[in-house]
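Topology and contacts: notes
These are the residues of each chain, in order.
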Amino acid sequence: MKPSEHPRIFTLALIRADIPCSYCGWHMSGSFFVPDEEFARHGGRESWIGRAEAGRIRVPPPVLRAHAGECVRIRISAASEPVYFSDENGSPVFPCPDENTSPEPRDNFTAQFPARSCPGALIFRTCPPENGGPGAFGILLYEETSSSFHHIRTGNSLRYGPHALIRRADGSAFREEVLFVHLFPAGTSNDAGGAGYRPSFLKGISYRVEPVPERLNKHRDPAYAFSSRVHHDPATPIPESYPGEEIVIRVVDLTRMMEHPLQLIGMNAGTILLPPDERAEETGPAAGFTEESAPAAAARLETVRIPKLSAPGDYLYYIGNTDDAWNGLWGIIRVHARPRRRLLPLQPPESRTFPSFPAPEKEDVIRRYRIAAVCRSTAVRTGDICFVPEKLADRARRADYQPKPLILKARPGEWLEVTLKNLSVPPVRVSLNPEYLSYDPVSSSGINVGYNRMEQTVPKGGHITYLWHAGKDCQTCRLRSFGDIRLQGKSTPPGVVVIREAGSAGFLKCALENIKKICREKLFQKSL
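Our subject in this report is the structure included herewith. Per-chain numbering applies: the sequence of each chain, read as written, is numbered from 1 onward. Confidence filtering applies because this is a predicted model: local features only for residues at pLDDT of at least 70, side-chain atom pairs given and counted only at 80 or more, and all residues used for totals across whole chains, interfaces and linings. Side-chain calculation: all heavy atoms of the structure are included, whereas hydrogens and water are not.

Let's shift gears to the overall build of the protein. Secondary structure summary: the protein contains 8 helices and 31 strands in total. Here the term buried applies to any residue with accessible area under 20% of the maximum for its type, exposed to any over 50%, and partly exposed to those in between, with areas from a 1.4 Å probe on protein chains only. Counting over 528 residues, the protein shows a buried share of 55%. Looking at the protein alone, contacts between residues at least 24 apart form 72% of all its contacts between residues at least 6 apart. Reported accessibility uses the Shrake-Rupley method at a 1.4 Å probe radius. Residues are deemed covered only where the shown protein chains occlude them. Accessible surface, the protein: about 23,400 Å² in total, of which carbon and sulfur atoms supply 50%. In DSSP terms, a helix is any run of H or I states spanning at least four residues, a strand is any run of E spanning at least two, and both are numbered starting from the N terminus. Any pair of residues with heavy atoms lying within 4.5 Å of one another is described as a contacting pair.

Attention shifts here to the pattern of salt bridges. Definition used for salt bridges: Asp or Glu carboxyl oxygen within 4 Å of a side-chain nitrogen of Lys or Arg. In total, this model carries 23 salt bridges according to the counting rule given. R65 serves as the salt-bridge partner of E176, at 2.3 Å between the closest nitrogen and oxygen. With E176 in strand β11 (residues 173-183) and R65 in strand β3 (residues 63-67), this pair connects stretches of sequence that are 111 residues apart. Taken individually, E176 and R65 each receive the classification buried, so the pair is uniform in this respect.

Quick look at the sheet that holds strand β30 (residues 477-480) now. Pairing is mixed in the open sheet, where 4 strands are placed in the order β24-β31-β30-β26. Whereas interior strands pair on both sides, the edge strands pair on one side only; in this sheet they are β24 (406-410) and β26 (433-434). Paired strands are those between which DSSP finds at least two bridges. Strand direction decides the pairing type here: β24 and strand β31 (residues 495-499), joined by 5 bridges, are parallel. Bridge pairing in β31 places L406 opposite G495.

Here the focus is the packing of aromatic side chains. Only rings of Phe, Tyr and Trp enter the pairing, Trp through its six-membered ring, and a pair is recorded when the two centres are within 6.5 Å. The plane angle decides the type: under 30 degrees is stacked, over 60 is edge-to-face, the rest tilted. With the rule as written, the count across this model stands at 10 aromatic pairs. Centre to centre, the rings of F226 and W330 are 4.7 Å apart; their planes meet at 70°, and the pair counts as edge-to-face. Of this pair, F226 sits in strand β14 (residues 226-227) while W330 sits in strand β21 (residues 330-335), placing them 104 residues apart in sequence. Judged by its relative accessible area of 0%, W330 is buried. Centroid distance Y466 to W468: 5.8 Å. Interplanar angle 15°. Geometry classified as stacked. Taken as a pair, Y466 and W468 share a single burial class, namely buried. Among the aromatic residues, those joined into a cluster by ring pairs are F32, F137, F180 and Y207.

Below, the discussion takes up the sheet that holds strand β29 (residues 463-469). Reading across the sheet, the 5 strands line up as β23-β22-β25-β29-β27 and stay open at both edges, with mixed pairing between neighbours. The open sheet has two edge strands with one neighbour each: β23 (385-389) and β27 (438-439). In this sheet, strand β25 (residues 415-422) lies alongside strand β22 (residues 366-375) in parallel orientation, the contact comprising 8 bridges. Note that in β25 the partner of I366 across the bridge is W415.

Positive phi values are uncommon outside glycine, yet S206 reaches one of about 55°. Here S206 lies in the loop between β13 (203-205) and α3 (212-216). What makes S206 buried here is its relative accessible area of 7%. Its identity as a non-glycine residue notwithstanding, Y207 has a phi of 65°, on the positive side. As for its placement among the helices and strands, Y207 is situated in the loop between β13 and α3. With a relative accessible area of 2%, Y207 lands in the buried category.

An α-helical turn contains 3.6 residues, so any two residues separated by three or four positions project in the same direction. Inspection of helix α2 (residues 45-53) places W48, I49 and A52 among the buried residues, and these make up the whole buried set. One face of α2 carries all of its buried residues, which in axial projection span an arc of 100°. Summarising the contacts, the buried residues of α2 are in contact with β1 (8-20), β2 (26-35) and α1 (36-41). Looking at the residues trailing α2, positive phi occurs at G55, about 80°. The directions considered for the arc are those from the helix axis to the C-beta atoms.

Structure representation (structure tokens):
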């Protein structure tokens, strides 16, 4: 395939610096890819390094942007380390045959890549893809041919950056955020000392991390671990949006250590995958890909689309499981209630405020549940909280009581009004959060996150009422408690919400099938 006469050209530099990666003293020393335009904006390379090391500017991994059908040329100066390229599926990608394809380090390295016929990605890094270790990295995104990329604050044309406002040819638009999950180099340390927290593998999101133990060292109540009102905003990326807008989040997993699904709390999101025929076309020999030498899962790109945010507020996201969130792989998605000067809306707003979360209509069905959180006498020391219907609270305290999964029922389109009382013995706050249902993030999320004003957890002896909505496409989902993240995954899961159409199979049968899939704890399996 012959390269285009006018390829899109990006010029990067590979530099070394020591940059802060959190607000509590963590910093990392390593190599970074930096677009040359950044040096021009900040007065030269030395000035840029000084500002980056002082924490005056953020250093995100470069996200280069091009259209499907364009040839791309990437120039890397001061390339003191080898550079490897792979596609969104982890298969190695090589430059055009007429270019120097050796990955060995050199002072100046130029790679030209043929045009792609459909959207996709090209991941580049200095670490060999087969070991997934730390190193410099970035990504080139191929967007739709007729789309345009714009700065989220100014609306100007955009060549690179992890945040973008993308407009399609049909007039629709969406916001795009790119998050990298990676290992920090061995030299990453915490000069502030703090609690002496040292995880075995320190992972980060786009060179940033926000370990929960460091926040609890300042304020010990774990119910406020994610609260910006008690602590501060996390150092990790904070995507911003307005109600009713579409967001596309791309997660680039470079660790090779485990799966890192993106957990979006309170958002109905669907994963976008390339059709198999398009993937086969892109991995053919004409595109410069080779299948026989492809390492397994060298890097993985996961794309998540949030079709429409329904209410303003701060939403929690984390990557992986709750242990990863505990180690710092979490952040906030902020949905503003009013137009902001530094954030352009996708469409001109009709008023100065955006609609809030809708309330139930008169004809809507509202199912009401009263739930109690109790601590069984045999588990007081471990803090094993059991969620049961309030009428069973006294029985659940007995040592011979065999706890069963909490099952809430609803039909698609119905509302659930859940009143939770905390009758536990230890001074532990509790809450309930449904995995896929819709709710107001400020008043019914069950999580104290960001700058949301209302208290969402319940202290001992208190109670709270949540209002959740089961959408038309909702299915059975888990219930989770974020009153104490330290007990997440170590205690019995609260239960499930079973969503079934009228006239379909019974609630109980559906609940048992889904509990066996969702809840793996021995206590649950024994009770079944």
